[in-house]
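Descriptive analysis of the structure
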2 protein chains.
Amino acid sequence: MESALIAELRRRIGPHPLVRLGLGDDAAVLRMAAVDECAVTVDMLMDGVDFHLRDADPRRVGRKALAANLSDLAAMATRPLAGVVALALPRAGAMDLAVALYDGMLPLAAKYGLAIAGGDTNSWDGPLAVSITLFGAVTSRGPLTRRGARPGDRIVVTGAFGGSILGRHFDFEPRVDEALILAERYTLHAGIDVSDGLSIDLGRLCQESSCGAEVEVQRIPIHDDAHRLAERLADGSTPLDHALADGEDFELVLAVPPDEADRMLAEQPLAVPLTVIGRFVDRPGLWRVEGGIAVPLAARGYEHHFT
Amino acid sequence: MESALIAELRRRIGPHPLVRLGLGDDAAVLRMAAVDECAVTVDMLMDGVDFHLRDADPRRVGRKALAANLSDLAAMATRPLAGVVALALPRAGAMDLAVALYDGMLPLAAKYGLAIAGGDTNSWDGPLAVSITLFGAVTSRGPLTRRGARPGDRIVVTGAFGGSILGRHFDFEPRVDEALILAERYTLHAGIDVSDGLSIDLGRLCQESSCGAEVEVQRIPIHDDAHRLAERLADGSTPLDHALADGEDFELVLAVPPDEADRMLAEQPLAVPLTVIGRFVDRPGLWRVEGGIAVPLAARGYEHHFT
């Protein structure tokens with residue numbers, strides 16, 4: 001990393017009780033004596049895939065990169081501890097871009113008490129790539145995995161879905177606090193965050209849990225953005241299509257035992273609404289239930305298609 | 001990450017005692033109860049900068065990416081624990097490329113007992129970028145930082161320098177075991193690994209330690225590759241120039257108290273030679289000492305130049 005950038009970042013990134021040694025050495029050193037189990041997640045966001053730098057304020061890009069990673073910690077119901085940031089910067093304007101990316105990240109890190117412990121900043125002839133690795137403390141409730149959904153569990157979601165491309169995909173709030181509150185107060189069997197699409201991510205949770213899911217699609221909370229997007233596109237897609245497949249909602253999808261789900265819904269302990277949109281079932285696959293009839297529901301959303 | 005790739009990687013990456021939860025969830029979960037302090041390092045390697053994919057076996061690229069990160073853990077004299085890997089893959093042939101990169105990484109990870117705990121694999125229209133984050137356990141000796149060099153300390157190096165571009169920059173052995181042995185048996189004040197160049201990295205160590213260094217350049221162990229490269233280039237550069245500036249030697253540069261350095265040199269406890277190439281001094285900057293005369297020594301090597 002260029003020394004001028006390190007100096008600038010050191011100035012901006014203050015001390016943190018978790019960090020014994022921060023930027024400027026071969027590695028950061030974190031105090032982990034109080035952490036028994038540590039969740040680790042890495043997510044790389046790339047120009048042309050996760051954002052278009054041409055059209056986006058780089059501070060929003062930086063914020064999004066960190067928020068998407070925080071959402072993964074939320075999906076595990078873990079408490080954010082620290083992170084490191086690797087940047088591949090286009091050569092022209094690299095310094096300003098790096099500073100702007102950190103400008104977007106640092107307030108969000110501060111909000112969640114996350115230490116930015118280190119980084120690697122490089123320039124090249126390629127487009128911008130931002131790779132962030134975060135560590136979270138697993139709470140005494142254990143990690144919330146994708147593996148524990150059981151037939152009969154209710155599918156509970158936070159918030160509303162669809163149309164995030166209109167702006168929410170940058171400015172969403174990762175459900176870190178919500179996940180910790182829910183894991184603390186209720187029995188949760190499994191969880192995932194919706195990054196690629198409600199249906200595709202629900203399908204992933206089912207696959208890891210070796211079960212299926214029946215979705216009462218009319219119960220899915222559809223975001224105003226999904227309505228606006230369907231109207232704007234006028235391509236025959238419905239707001240529900242967008243809710244099922246758009247992705248980057250960064251809401252939580254949870255498997256909750258029926259009685260706990262009832263209690264959760266009655267108490268509504270979060271600022272964001274909780275909704276039951278169906279239940280997990282023995283029969284594998286995703287099923288769309290309307291008027292008591294179940295038909296296959298396509299798992300749609302964003303996938304990196306490899307050849 | 002594409003599910004076919006996850007399945008393939010899960011097959012190749014076996015269980016590891018440190019990993020409670022590996023690939024396939026929103027985050028990995030590591031058992032850290034035995035770790036008081038954790039070193040964290042991230043290093044992103046990019047096509048056209050750190051390798052040329054056009055001319056390189058992707059397995060060597062994968063190995064190099066991991067080895068460069070291990071070298072950072074070595075520079076801190078920490079024991080490798082676990083890592084996560086983020087890939088930005090060119091779309092065409094992405095699956096084969098990802099598998100080949102892991103083929104290069106996994107044997108090296110196994111050699112050092114490192115758990116590959118998770119990853120993020122993406123495709124895009126840009127070139128290959130490999131970002132690896134590693135965690136290492138700080139030993140009871142504490143982390144070896146860049147900060148502790150004191151005037152009078154000897155500059156001790158492992159191995160020999162220069163001409164790594166002829167192949168060693170891919171196939172070097174990170175000095176993980178060497179660093180742990182030295183930290184265990186001797187008092188070390190500071191350390192760094194040579195990634196960008198012997199002189200520039202020594203300069204960084206001096207800067208963090210607020211001191212200078214006098215280098216007896218005739219003592220620098222010059223690698224055969226440096227001789228070969230100077231001969232091949234025939235551009236007036238000397239083998240010593242290459243030893244001082246080429247970088248990617250991934251050898252250790254250590255600040256060692258004089259009596260400890262004497263003992264270390266007499267005992268030569270490693271398979272690779274240890275050499276004293278000078279001493280740290282009060283006067284800031286790098287100095288080249290020949291025949292008792294000190295003249296400024298330019299800190300040369302690879303730097304990401306930002307504009």
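1. Looking at the packing of aromatic side chains
Counted by the stated rule, this structure contains 4 aromatic pairs over all chains. Ring plane angle 20 degrees and centroid distance 6.2 Å describe the contact between Trp 124 of chain A and Trp 124 of chain B, whose orientation is recorded as stacked. Within this pair, whereas Trp 124 of chain A is found in strand E5 (residues 115-124), its partner Trp 124 of chain B is found in strand E5 (residues 115-124), the two belonging to separate chains. Judged by its relative accessible area of 1%, Trp 124 of chain B is buried. Pairing Phe 135 of chain A with Phe 135 of chain B gives two aromatic rings, centres 5.1 Å apart and planes at 85 degrees, and the pair type is edge-to-face. Here Phe 135 of chain A, found in strand E6 (residues 129-138), pairs with Phe 135 of chain B, found in strand E6 (residues 129-138), and the two come from separate chains.

2. Quick look at the interface of chain A and chain B
Between chain A and chain B, the contact holds 70 residues from the first and 71 residues from the second. Both sides of the chain A and chain B interface together cover about 5800 Å² of buried area, and 55% of this is carbon and sulfur. Here chain A is connected to chain B by 8 salt bridges. A salt bridge links Arg 146 of chain A to Asp 25 of chain B, with the shortest nitrogen-to-oxygen separation between them at 3.7 Å. Counting every contact that joins chain A to chain B gives 24 residue pairs in polar contact (both at pLDDT 80 or more). For the side of chain A that touches chain B, the element with the highest residue contribution is strand E3 (residues 37-46) of chain A, accounting for 9 residues. In terms of strand pairing, E3 of chain A meets strand E2 (residues 28-31) of chain B through 4 bridges, oriented antiparallel. If you follow Glu 37 of chain A over to E2 of chain B, its bridge partner there is Arg 31 of chain B.

3. Brief notes about the relation of the copies chain A and chain B
The pair of chain copies shares a relation made of a rotation about an axis and a shift along it. Turning chain A through 180 degrees and shifting it by 0.0 Å along the axis lays it on chain B, with an RMSD of 0.0 Å. In short, the pair behaves as if placed about a two-fold rotation axis. Across chain A, the rotation axis passes nearest the C-alpha of Gly 126 of chain A, at a separation of 3.0 Å. A share of 100% of the interface residues of chain A reappears at the interface of chain B, consistent with the copies meeting face to face through the same patch.

Reading the values: rules and limits
Note on numbering: residues in each chain are counted from 1, in written sequence order. Think of it this way: whatever chain is written first is A, whatever ligand is written first is 1, and the rest follow in order. At least 70 in pLDDT is required for a residue's local features to be given in this predicted model, at least 80 for side-chain atom pairs to be given and counted, and no such filter applies to totals for whole chains, interfaces and linings, which use all residues. Heavy atoms from the whole structure form the basis of all side-chain values; hydrogens and water molecules are not counted. When two rings of Phe, Tyr or Trp (its six-membered ring) have centres within 6.5 Å they constitute a pair, described as stacked for plane angles under 30 degrees, edge-to-face for angles over 60, and tilted for the intermediate range. Numbering of helices and strands starts at the N terminus; helices are DSSP runs of H or I of at least 4 residues and strands are runs of E of at least 2. Partly exposed describes any residue whose relative accessible area lies between the buried limit of under 20% and the exposed limit of over 50%, with all areas from a 1.4 Å probe on protein chains only and scaled to the type maximum. By the convention used here, residues are in contact when the closest approach between their heavy atoms is within 4.5 Å. Computed with a 1.4 Å rolling probe, the buried area is the accessible surface lost when two parts are put together, summed over both parts. Salt bridges are identified by distance alone: a Lys or Arg side-chain nitrogen within 4 Å of an Asp or Glu carboxyl oxygen. A 3.5 Å cut-off defines polar contacts: any pair of N or O atoms within that distance qualifies, except that in protein one atom must be a possible hydrogen donor and the other a possible acceptor, and neighbouring residues in sequence count only when both atoms are side-chain atoms. Here the rule is simple: two strands pair whenever DSSP picks up at least two bridges between them. To line up the copies, we fit them by least squares on C-alpha atoms, keeping just the residues with pLDDT of at least 70 in both.

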